[in-house]
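Close look at the chain arrangement
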Amino acid sequence: MAQPTASETHTPAATKSVAELNQIAAQVRRDIVRMVHAVNSGHPGGSLGCTELLVALYFKVMQHTPEPFDMDGIGQDLFFLSNGHISPVFYSVLARSGYFPVSELATFRKLNSRLQGHPATHEHLPGIRVASGSLGQGLSVATGAAQAKKLNGDKSTVFVLMGDGELQEGQIWEAALYAPHHKVDNLIAFVDRNGQQIDGPTEKIGGLGDLRAKFESFNWRVLETDGNQFETLLATIEEAQSLLGQGQPIMVLMDTQMGFGVDFMMGSHKWHGVAPNDEQLEKALLQLEVEKASDY
Amino acid sequence: MKDFPYTESKDTRSGFGAGLHELGKTNPNVVALCADLIGSLKMDAFVKDFPERFFQVGIAEANMMGLAAGLTIGGKIPFTGTFANFSTGRVYDQIRQSIAYSGKNVKICASHAGLTLGEDGATHQILEDIGLMKMLPHMCVINPCDYNQTKAATLAIADYEGPVYLRFGRPVVPNFTPADQPFEIGKGVLLNEGADVSIFATGHLVWKAILAGKLLAEKGINAEIINLHTIKPLDAQMILESARKTRCVVTAEEHQMNGGLGDSIAQLLAREEPLPLEMVAVNDSFGESGTPDQLMEKYGLNEAAIVRAVEKVMARKTK
């Protein structure tokens, strides 16, 4: 199988400093709140909480080729978003890393848009490889994609992000049993452990308990990290990458805050799926200053 | 009435197993997944000869559908194998989102469909699967009639780009389709030309339709018999041409009336050519334990039921 040369893949990142990543993250957060405000719908809370992860992956960690987009992604690292409702952060990061024009973010959730409420391949939006939204399916899909890479002799890595509330879906645990049994060791999964779901704190709704112990007992390699701080997050991802190819899939439990970066949205399930009003948007944007804002 | 000679009877699932094994040899992108039913799906030969392209998923069908969707990313052509009940109803949302809506090239291969599963009873005898699958946009739905046709269908769907539901079963039935007959997705097979009534059958009911045709010939009724192995996309042209000639229609299938082949043909005729139609199918009922023959008789899915339906529909023809 032909491996793309370094010049063809997107490796901006190797050179990106944490300060630069923080600037990108602030811009992505501006996109998120503006996108959900514009259509008065969407999910800002989880999007803001996972901004560091997606920025880190697409601007620093992953070897990927945004243009032309190739569904099979042979020789590229792949990312799957299982908790599809945090589409605003996914769309913003895809656009800003070159998959489609940033101006298209203005079509989010509107009629005839490629930016559906939840990510879809149906409208052929570059960067999306499977539909998600109905929860619990992404770990299985990512595992299958990782096994396809092994069959192809493709040494690149598959990443997948799940919400913590999503872990209440049974299919997650089917996949959690399967991946270690089949030694899918080219897979790094992340859990957005913000402790919140629509109806309240996860531990009140359907307690997840000790996730490290659970996944370790399923024979995953488990790491824990602060998901809203680039230094620790990047160090953890680097550690996860060093554990690839050792017979076990890797699970990173990320301690995050829903709504991170906007003080009045932080840490509460109330901003899971509610858009800010005009006044709240203004307030949020004031907290998300960037040196050279490039709002769409 | 034409004669349909055959030298042996075989199960359609073995046709799938043989087709899959051949694909293993001819198409390096074909991979197979199974949810703890290798023997029942006749996947043993593929598993033995292509172990690196086979994934034992265990009793976890939802995960199997997601894995299959993921395996397409990277160019694989996954064939999933389990019973029809666990291939459809149990995993409907996984198929809907990760496979159908995502346009993934997954072949959902389902055995033990319908009443002919027999003694295991209604928990396993799904009679709604064709309806569930045909409702999904762009899902191709195929229900071949015998061993040779199932083998040919298995080979054909590997070359078709897009999600497919391939339905077959457990009982041994006459293997009368010529081994060299090409399988054309979406094209009906004219088995017997006739002028008095059109019988459109799918799956195990095709042979029953042939038996009914012989009984009808003895009564002086000349039935046109067409094997519609593909329920979706429906061969509208062939159906309308035949119906316009005979002026009345009987459909036959091992499925609920709601959502099956008869339902698709009724919609077509209502839009294009309203004509009397009778359906040989299960009428809003679950199955039960029993031998396949006992069940097919009790639920009205045999040649006698087709003959009754023909007599009824011909009496409704406008002179």
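Residues numbered from 1 in each chain as written. Chains lettered and ligands numbered in written order. Predicted model: local features only at pLDDT ≥ 70, side-chain atom pairs only at ≥ 80, totals over all residues. Heavy atoms only, no water.

A count of helical and extended segments in chain B gives 13 helices and 14 strands. The C-alpha atoms of chain B give a radius of gyration of 19 Å, which matches the 20 Å a tight globule of 319 residues would have. For the C-alpha atoms alone, the extent of chain B along its principal axes is close to 60 × 40 × 35 Å. Looking at chain B as a whole, 64% of its 319 residues qualify as buried. A fraction of 80% describes how many contacts in chain B between residues 6 or more apart in sequence connect residues 24 or more apart. Only carbon and sulfur atoms are counted for the fraction: they give 50% of the accessible area of chain B, which is about 11600 Å². Charge centroids of chain B, computed over 31 positive and 37 negative side chains, lie 3 Å from each other. (Helix = DSSP H or I, 4+ residues; strand = E, 2+ residues; numbered from the N terminus. Rg over C-alpha atoms; globule rule 2.2 N^0.38 Å. Buried < 20%, exposed > 50% of the residue type's maximum accessible area, 1.4 Å probe, protein only. Contact = heavy atoms within 4.5 Å. Areas by Shrake-Rupley, 256 points an atom, 1.4 Å probe, with all protein chains shown as cover. Lys, Arg positive; Asp, Glu negative; His and termini not counted. Charge placed at Lys NZ, Arg CZ, Asp CG, Glu CD.)

Residues and elements named next belong to chain B. Taking 1.5 Å per residue, twelve residues should reach 16 Å; helix 4 (residues 61–72) reaches 17 Å between its end C-alpha atoms and fits that length. Within helix 4, twelve of the twelve residues are buried, which leaves the element mostly enclosed by the surrounding structure. Buried within helix 4 are the following residues: Glu61, Ala62, Asn63, Met64, Met65, Gly66, Leu67, Ala68, Ala69, Gly70, Leu71 and Thr72. Gly74 occupies a position one or two residues after helix 4 and carries a positive phi of about 125 degrees. (Expected span 1.5 Å × (residues − 1).)

Residues Phe80, Leu187, Phe215 and Trp220 of chain A are the most contacted members of the largest nonpolar core, which totals 74 residues. Top contributing element to this core by residue count: helix 4 of chain B, with seven residues. Other than its neighbours up to four places away in sequence, Phe80 of chain A contacts Arg129, Val130, Val141, Ala142, Ala145, Val158, Phe159, Val160 and Leu161 of chain A together with Ile73 of chain B. (Core = buried A, V, L, I, M, F, W, Y, C linked by side-chain atoms within 4.5 Å.)

With that settled, the discussion passes to the sheet that holds strand 11 (residues 223–227) of chain B. Note: strands within a sheet are paired through backbone hydrogen bonds, in either parallel or antiparallel orientation. Residues and elements named next belong to chain B. The mixed open sheet is built from five strands, whose spatial order is 9-11-10-13-14. A strand with exactly one partner marks an edge of an open sheet, and here the two such strands are strand 9 (189–192) and strand 14 (277–282). With direction set aside, neighbouring strand axes in the sheet form an average angle of 25 degrees. Note: strand 10 (residues 197–201) against strand 11, five bridges, orientation parallel. Looking at the pairing, Ala201 lines up with Asn227 of strand 11. Contacts from helix 10 (residues 236–246) reach strand 9, strand 10, strand 11 and strand 13 (249–256), with the element oriented near 150 degrees to strand 10. Taken strand by strand, helix 13 (residues 303–315) contacts strand 10, strand 13 and strand 14, and its axis lies near 155 degrees from that of strand 14. (Pairing = 2+ DSSP bridges. Axes fitted to C-alpha atoms, helices over the stretch in contact; angles between N-to-C directions.)

Let's shift gears to the pairing of strand 6 (residues 221–226) of chain A. Residue and element names in this part refer to chain A. Strand direction decides the pairing type here: strand 6 and strand 7 (residues 250–255), joined by six bridges, are parallel. Bridge pairing in strand 7 places Arg221 opposite Ile250. Since strand 6 and strand 7 lie parallel, the crossover through helix 9 (residues 230–242) that links them has a hand, and here it is right-handed. (Right-handed = clockwise from strand over helix to strand, strands pointing away.)

Residue and element names in this part refer to chain B. Their axes nearest at 9 Å, the elements helix 4 and helix 6 (residues 92–101) cross at an angle of 5 degrees. Between helix 4 and helix 6, the interaxial angle falls into the category roughly parallel. Listed contacts from helix 6 to Ala62, Met65 and Ala69 of helix 4 are Gln94, Ile95, Ser98 and Ile99. Each residue belonging to the contact of helix 4 with helix 6 can be placed in one class, and the counts come to five nonpolar, two polar and no charged. (Parallel < 35°, antiparallel > 145°, perpendicular 65-115°, else oblique. Nonpolar A, V, L, I, M, F, W, Y, C, P; charged D, E, K, R; others polar.)

For interface size, the figure often reported is the accessible area lost on association. Each side of the interface is counted separately: chain B has 26 residues, and chain A has 31 residues. Its largest share of buried area at the contact with chain A, chain B owes to Ile73, Gln97 and Tyr101 of chain B, together 28% of the area lost on that side. Linking chain B with chain A are 17 residue pairs in polar contact (both at pLDDT 80 or more), by the criterion used here. Those elements giving two or more residues to the side of chain B that touches chain A turn out to be strand 3 (54–56), helix 4 and helix 6 of chain B. Top contributing element to the side of chain B that touches chain A by residue count: helix 4 of chain B, with nine residues. For the side of chain B that touches chain A, the class distribution of residues is ten nonpolar, eleven polar and five charged. (Buried area = accessible area lost by both parts, 1.4 Å probe. Polar contact = N/O pair within 3.5 Å; in protein donor to acceptor, adjacent residues only side chain to side chain.)

All names here are of chain B. With respect to the element layout, Glu224 can be found in strand 11. We classify Glu224 as buried; its relative accessible area is 4%. A polar atom in the side chain of Glu224 sits 3.0 Å from the backbone nitrogen of Gly194. Contacts of Glu224, omitting those with residues within four sequence positions, involve Leu190, Asn192, Glu193, Gly194, Val197, Ser198, Ile199, Ser242, Lys245 and Thr246.

The next thing to look at is the pattern of salt bridges. Evaluation of the coordinates by the stated rule reveals 25 salt bridges over all chains. One salt bridge connects Glu311 of chain B with Lys219 of chain B, and the closest N-O pair in it is separated by 2.9 Å. Taken together, the residues span a long stretch of sequence, with Glu311 of chain B in helix 13 and Lys219 of chain B in the loop between helix 9 (205–218) and strand 11 at a distance of 92 residues. Judged by its relative accessible area of 34%, Glu311 of chain B falls in the partly exposed class. A salt bridge links Glu273 of chain B to Arg247 of chain B; the nearest nitrogen and oxygen atoms lie 3.6 Å apart. Linking Glu273 of chain B in the loop between helix 11 (261–272) and strand 14 with Arg247 of chain B in the loop between helix 10 and strand 13, this pair joins segments that are 26 residues apart in sequence. Judged by relative accessible area, Glu273 of chain B falls into the buried class, the value being 17%. Where salt bridges share partners, they join Asp164, Arg193 and Glu203 of chain A into one cluster. (Salt bridge = Lys/Arg side-chain N within 4 Å of Asp/Glu carboxyl O.)

All names here are of chain B. Partitioning chain B into domains gives domain 1 (10–174) and domain 2 (189–315). Relative placement of domain 1 and domain 2: their C-alpha centres are 25 Å apart. Across the boundary between the two partners, domain 1 contributes 33 residues, which contact 32 residues of domain 2. For the pair domain 1 and domain 2, the summed buried area comes to about 2400 Å², and 59% of that belongs to carbon and sulfur atoms. Of all residues in domain 1, Leu115, Leu127 and Lys134 give up the largest surface area on contact with domain 2, accounting jointly for 27% of the area buried on that side. Counting across the domain 1 and domain 2 interface gives one salt bridge. Asp263 serves as the salt-bridge partner of Lys134, at 2.8 Å between the closest nitrogen and oxygen. Counting the contacts that link domain 1 with domain 2 gives 26 residue pairs in polar contact (both at pLDDT 80 or more). Every element with two or more residues in the side of domain 1 that touches domain 2 is listed here: helix 7 (129–134), strand 6 (140–142) and strand 8 (172–174). Residue contributions to the side of domain 1 that touches domain 2 peak at four residues, all from helix 7. (Domains from an automatic or database assignment.)

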